[in-house]
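Here is how the chains run, residue by residue.
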Amino acid sequence: MLSKILLTINLTRTIFSLLTQRLLDRLQNLIHFHTYTPHATPKDIIVIGASYAGYTCAEHLSQTLPPGWRVVLTEINEFFNHTWLFPRASVMSRKAIEQLTYIPYPIRPRYAPDGSYLFRRRKASRVDTELQHIHLEDGAVLAYEYLVLATGLPGRYPAGINSLQRDQGLEYFARLQTQIKEARSVIVIGGGPVGIEVALDVVSEYVGKEITLIHSRGHLAHGYGVRLHVACMRALSEGGVKVILNERVKSVDATCGHVKLSTGEDLAAEAVVSLSGRGSWDLLIMITDNMQIMCTGSAPASNPLPGLPSEIITPTGMISVNSYLQADDASTPNIFAVGDIADTGVKKMGRAAGLQGLVAARNIVRRITGRNMMLYKPGIIEQSIDMTVGLHKHLIHVEGGGRCMQFLRRTKDETLRAADMWRMLGAEPPCV
Ligand SMILES: Cc1cc2nc3c(=O)[nH]c(=O)nc-3n(C[C@H](O)[C@H](O)[C@H](O)COP(=O)(O)OP(=O)(O)OC[C@H]3O[C@@H](n4cnc5c(N)ncnc54)[C@H](O)[C@@H]3O)c2cc1C
């Protein structure tokens, strides 16, 4: 009981402080909007990667940088890929939920004055840290004063979405939905949060399908405390999902829909969804003719961006950062890394990525204006998770200081509040 009270106080304090900060930011943004004057040759801060971490960072910079400075955001994709919605978009065919997964980028963020922001839809192919240049794949060379790496981890998308094109992504989701709809039995491999969400989405959306979830460990969603495992087991059992723990999948026969376990046991299904990733969120889906969906994990690239000094790259290919989110090497004080690519030790989550993007943006502005930088202190948000357990229920699991608590939130919204994300990007969501 006492631990619940302490956690509730901690959570309330965190939410209150984030809301207050947001309000103060808005006031500051308004003043900035009316006082910032564009410069003919601004000094540039380049942010590479416009997703949860990079976009948040660039947005905040565009709203707070002093005159004479500008943020340049480079991104390969034409649309913001709202990955949180990908698992549900793969399952649910009743509504065109996949229409919400690709969000157009704005010309410039809200409250960003003219001249403070530039979006380049190009891949950054190389960096020269001595000359402080970024080379784009079209041959353009951009000079930077500060560089923010927000390139995420490769392979986070389902394998069917190799294309950068929205239309092909939408076709892919539609194909998956039909295949899941037509399958009588589905095996989901991988009991991380996404595997559990997918299994429960399938049982909530379709009555009468046989769903089996296979997990290689004894503890579902093993990145979190055992109470989350217990709550997920309960939700899966209530949904009629058969759960097999401590079993590895040895092979999947794509031609006949058979999954072979390490014990030699054979399972048959019309659809196999495998989410057995190395990270807690990994999802890679492969479809065969015989209604097979295979998802495996993503891994960091050996070098996130050619030209980066090897000193800042960890053996797993992430960027080693200090508590200010600067690349952890004395020779690169003007390089920051945020989100999944940064080796912060926290779970790879969009919410954490956004918070890190904000801290890096604030620290760059503080450096420019000669103030002390702030420390990135992961807190209760980074250790907690809000996951769906069926179409209309969210399980919120809060951890902190060795304690944890959970609550169930019911909702009519089946789109995971995607409209909020659209509006954050200044776009009006389509009605689905
Ligand atoms: C299926 C799934 C469901 C998830 N659900 C949730 C959830 O419900 N809640 C949650 O908090 N987290 C969730 N996550 C985790 C979350 O999506 C990631 O933690 C988050 O995407 C990390 O954000 P990021 O900005 O660091 O990197 P990413 O989102 O990976 O983005 C990196 C960006 O950089 C761009 N890029 C890469 N290289 C270059 C280059 N050389 N030049 C230009 N651009 C480049 C990429 O195109 C991409 O847009 C989920 C993840 C998956 C896979």
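Above: the structure in question.
Residues numbered from 1 in each chain as written. Predicted model: local features only at pLDDT ≥ 70, side-chain atom pairs only at ≥ 80, totals over all residues.

(A) Main features of the overall build of the chain. For the chain, the count of helices and strands is eight helices and 24 strands. Out of the 432 residues belonging to the chain, those deemed buried represent 44%. For the chain, restricting intrachain contacts to residue pairs at least 6 apart in sequence, the fraction spanning at least 24 positions comes to 63%. (Helix = DSSP H or I, 4+ residues; strand = E, 2+ residues; numbered from the N terminus. Buried ≥ 20, exposed ≤ 12 C-beta atoms within 10 Å, placed from the backbone. Contact = placed C-beta atoms within 7 Å.)

(B) Looking closely at the packing of helix 2 (residues 52-64) against helix 7 (residues 350-368). Look at helix 2 against helix 7: their axes get within 7 Å of each other, and the N-to-C directions meet at 35 degrees. Seen from above, helix 2 lies across helix 7 with right-handed handedness. Residue-level inspection shows Y52, A53, G54, T56, C57, H60, L61 and T64 of helix 2 in contact with helix 7, the latter providing G350, A353, G354, Q356, G357, L358, A360, A361, I364 and V365. Considered class by class, the residues forming the contact of helix 2 with helix 7 number ten nonpolar, eight polar and no charged. (Axes fitted to C-alpha atoms, helices over the stretch in contact; angles between N-to-C directions. Left-handed = near helix turned anticlockwise from the far one by under 90°. Nonpolar A, V, L, I, M, F, W, Y, C, P; charged D, E, K, R; others polar.)

(C) Structural view of the site of the ligand. Contacts to the ligand come from 33 residues, most closely from G49, S51, A53, G152 and G339. Counting only elements with at least two residues in the shell around the ligand, the list comes to helix 2, helix 3 (86-91) and helix 7. When the residues that make up the shell around the ligand are grouped by side-chain class, the tally is 17 nonpolar, ten polar and six charged. Of the residues that make up the shell around the ligand, three or more belong to each of domain 1 (24-154 + 300-368) and domain 2 (170-298). (Near = placed C-beta within 6 Å. Domains from an automatic or database assignment.)

(D) Examining helix 2 more closely. Here helix 2 spans 19 Å end to end across 13 residues, near enough to the 18 Å set by a 1.5 Å rise per residue. Within helix 2, 13 of the 13 residues are buried, which leaves it mostly tucked inside the rest of the structure. (Expected span 1.5 Å × (residues − 1).)

(E) Summary view of the sheet that holds strand 14 (residues 258-261). Overall, antiparallel pairing links the three strands, which are arranged 13-14-15 in an open sheet. Taken across any chain shown, the strands that pair with only one partner, and hence form the sheet edges, are strand 13 (249-253) and strand 15 (266-268). Direction aside, the axes of adjacent strands within the sheet are offset by 20 degrees on average. The pairing of strand 13 with strand 14 spans four bridges and is antiparallel. Looking across to strand 14, one finds that V252 is bridged to V259. (Pairing = 2+ DSSP bridges.)

(F) Looking closely at the environment of R366. Position of R366 relative to the elements: it lies in helix 7. We classify R366 as partly exposed; it has 14 C-beta atoms within 10 Å. Placed 301 residues apart in sequence, R366 and L65 show a C-alpha to C-alpha distance of 9.6 Å. Beyond its immediate sequence surroundings of up to four residues, R366 is in contact with R371, N372, M373 and M374.

(G) Quick peek at the pairing of strand 11 (residues 210-214). Pairing of strand 10 (residues 185-189) with strand 11, which is carried by five bridges, proceeds in the parallel orientation. The residue bridging V188 from the neighbouring strand is L213, located in strand 11. For strand 11 and strand 12 (residues 242-244), the ladder comprises three bridges, and the chain directions are parallel. Bridging from a neighbouring strand, I214 pairs with I244 of strand 12. With helix 6 (residues 226-238) bridging strand 11 and its parallel neighbour strand 12, the resulting β-α-β unit is right-handed. (Right-handed = clockwise from strand over helix to strand, strands pointing away.)

(H) The arrangement of unusual backbone geometry in detail. At Q132, a residue that is not glycine, the phi angle is positive and equals roughly 60 degrees. Of note, Q132 is situated in the loop between strand 6 (124-128) and strand 7 (133-136). Of note in this structure, L416 is not a glycine but carries a positive phi near 55 degrees. Structurally, L416 is set in the loop between strand 24 (403-410) and helix 8 (418-424).

(I) Structural context of the nonpolar core. In this structure, C57, V148, A199 and V338 are the most contacted members of the largest nonpolar core, which totals 104 residues. Inspection of this core shows a minimum of three residues originating in each of domain 1 (24-154 + 300-368) and domain 2 (170-298). For C57, the contacting residues outside a window of four places in its chain are V47, V148, A150, V338, G357, L358, A360 and A361. (Core = buried A, V, L, I, M, F, W, Y, C linked by C-beta atoms within 7 Å.)

(J) Structural context of the packing of helix 5 (residues 193-205) against helix 6. Viewed as axis vectors pointing N to C, helix 5 and helix 6 meet at an angle of 20 degrees, and their least axial separation amounts to 10 Å. The angle between helix 5 and helix 6 falls in the class roughly parallel. In this structure, the crossing between helix 5 and helix 6 has a hand that is left-handed. Where helix 5 approaches helix 6, its residues I196, A199 and L200 are matched on the opposing element by C232, A235 and L236. Looking at the contact of helix 5 with helix 6 residue by residue, the classes come out as six nonpolar, no polar and no charged. (Parallel < 35°, antiparallel > 145°, perpendicular 65-115°, else oblique.)

(K) Summary view of the sheet that holds strand 6. Reading across from one edge, 6-7-8 is the order of the three strands in this open sheet, with antiparallel pairing throughout. A strand with exactly one partner marks an edge of an open sheet, and here the two such strands are strand 6 and strand 8 (141-143). Each strand axis lies, on average, 25 degrees off the axis of its neighbour in the sheet, ignoring direction. In this sheet, strand 8 lies alongside strand 7 in antiparallel orientation, the contact comprising three bridges. In the strand pairing of strand 8, H133 is matched with A143.

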